[in-house]
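Given next are the chains, with one letter for each unit.
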Amino acid sequence: MRLSVHLLMLLTLTGLLSCSSPTRPEFLLRASLLVAEDHTWFRAFQHFGELLDERSEGRIQLQTYPSEQLAKEIEAIRMIQAGVIDMTTTSALLSNWTEIMTFCEMPFLMDSMEEVDAMLTGPVGERIRAEMVTKTGLRPVGYFQAGPRHLTSNRPVRHPDDLQGLVIRIPSVPAFVTAWDALGAKTTPIAFSEVFTSLQQGVINAQENPLPLTKMLALYEVQEYVNLTSHVFGWTYPVIGEKQFNRMPADLQEIFLDCAREMQAFERRLFLENDAKTRAALEASGMTFVEVDREAFKKKHGNAIYHTLSPDMQAVYRSLKDTVQ
């Protein structure tokens, strides 16, 4: 039923657009994003759309919808698989389809974005991209940095012992449940667009996200502290449905992938420019940044996630740890 509602909305939008445009592109792509218009991911998609329109001479056009206007992330994935929309950004949520995606946002696996870059350009990154296509029907066309994820709350959290009784919102990612449960918190999966109201109403009293998303949601209005846990160094993949990609002729596929590479480079520049400004803006809005005992968090977390992995994925985990140590 939910998918039908989204389909009706899209058909309505398409009808309105076709009435106002004298010519239609050969390929009209629709992207659903969870972030708002001022976020670097949305701005990168806007840049991507401009490049596609120019380089394909109007044969490809991209419409990007921010703030989960079309669908929440997991629904957007299903809509792409069903051929209703074409693109989104996603990462560890795909672990609901294939286990290798657990590594996209695995708590306490990486200690820097440089380690992330090394992983994504190595054999594990290649395997992730291959399984995204074969097991989820989504083709990654680059990756965007998300930065470290930190815990926000209304009391300082310096040590895992401070998590007792704290109800934390997490995305619908099994590894996040395992990690925070092991640390002693209470977890509840809630859609990204519902985080602010859930905090406001006291359904939850903490959440974890990269600083740009914390700022985007104006969580400084309902949270006092940013606890610098850096428990995940994350990224997201801009993706297109594999079926949708394969419908394009070879010349347009080449243009599409060239523009996607430029989109990734554009987003990286925006991310680096925005990083320091975001912390300053949150501090100016009244949030207090708390240094945590990250080693204590890592020690208490231990091998909680490792023991939930299949033998095959445990081997991947060990290979990554050997690489970064």
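All values derive from a computational prediction rather than experimental measurement.

Undergrad: Explain the overall build of the protein chain residue by residue, including any values.
TA: Counting its regular elements, the protein chain contains 12 helices and 10 strands. In terms of overall dimensions, the protein chain is globule-like: its C-alpha atoms have a radius of gyration of 20 Å, near the 20 Å expected for 325 residues. When its C-alpha atoms are laid out on the principal axes, the protein chain stretches across 60 × 45 × 40 Å. For the protein chain, the residues scored as buried account for 55% of the 325 residues in total. The average position of the 31 basic charges and that of the 40 acidic charges among the side chains of the protein chain differ by 4 Å.

Undergrad: How would you sum up the packing of helix H6 (residues 174-183) against helix H11 (residues 294-301)? Please name residues and give values.
TA: Between H6 and H11, whose axes approach to 8 Å, the crossing angle comes to 105 degrees. The angle between the axes of H6 and H11 places the two elements in the roughly perpendicular class. The residues of H11 that touch H6, namely those facing Ala179, Ala182 and Leu183, are Phe297, Lys300 and His301. Its residues assigned to classes, the contact of H6 with H11 shows 4 nonpolar, 1 polar and 1 charged.

Undergrad: Go over the confidence of the model for the protein chain with me, naming the residues and quoting the values.
TA: On average, residues of the protein chain score 92 in pLDDT, and 92% of them are at 70 or above. Predicted confidence for residues 15-21 stays below pLDDT 50, and this span has 2 contacts to residues more than four positions away or in other chains.

Undergrad: Go over the pairing of strand S6 (residues 167-170) with me, naming the residues and quoting the values.
TA: A regular strand places its side chains on the two faces of the sheet in alternate fashion. Looking at chain direction, S6 and strand S7 (residues 186-189) are connected through 4 bridges and run parallel. Residue pairing across strands places Val167 opposite Lys186, the latter belonging to S7. Regarding the hand of the β-α-β motif, the stretch spanning S6, H6 and S7 is right-handed. Sheet analysis places S6 next to strand S8 (residues 206-210), joined by 2 bridges and oriented parallel. The residue bridging Ile168 from the neighbouring strand is Ala206, located in S8.

Undergrad: Outline the pattern of salt bridges, listing residues and values.
TA: According to the stated counting rule, one finds 15 salt bridges in the structure shown. The residue Glu26 makes a salt bridge to Arg59 at a minimum N-O spacing of 2.7 Å. Here the residue Glu26 occupies a position in the loop between helix H1 (2-20) and strand S1 (27-32), and Arg59 occupies one in the loop between helix H2 (40-55) and strand S2 (60-65), the gap between them amounting to 33 residues. One salt bridge connects Arg149 with Glu208, and the closest N-O pair in it is separated by 2.6 Å. Here Glu208 lies in strand S8 and Arg149 lies in strand S5 (residues 144-153), a separation of 59 residues in the sequence. The same class applies to Arg149 as to Glu208, namely buried. The structure contains a network of salt bridges with shared partners spanning Arg127, Glu131, Lys135 and Asp312.

Criteria and cut-off values
Residues numbered from 1 in each chain as written. Predicted model: local features only at pLDDT ≥ 70, side-chain atom pairs only at ≥ 80, totals over all residues. Heavy atoms only, no water. Helix = DSSP H or I, 4+ residues; strand = E, 2+ residues; numbered from the N terminus. Rg over C-alpha atoms; globule rule 2.2 N^0.38 Å. Buried < 20%, exposed > 50% of the residue type's maximum accessible area, 1.4 Å probe, protein only. Lys, Arg positive; Asp, Glu negative; His and termini not counted. Charge placed at Lys NZ, Arg CZ, Asp CG, Glu CD. Axes fitted to C-alpha atoms, helices over the stretch in contact; angles between N-to-C directions. Parallel < 35°, antiparallel > 145°, perpendicular 65-115°, else oblique. Contact = heavy atoms within 4.5 Å. Nonpolar A, V, L, I, M, F, W, Y, C, P; charged D, E, K, R; others polar. pLDDT = per-residue confidence, 0-100. Pairing = 2+ DSSP bridges. Right-handed = clockwise from strand over helix to strand, strands pointing away. Salt bridge = Lys/Arg side-chain N within 4 Å of Asp/Glu carboxyl O.

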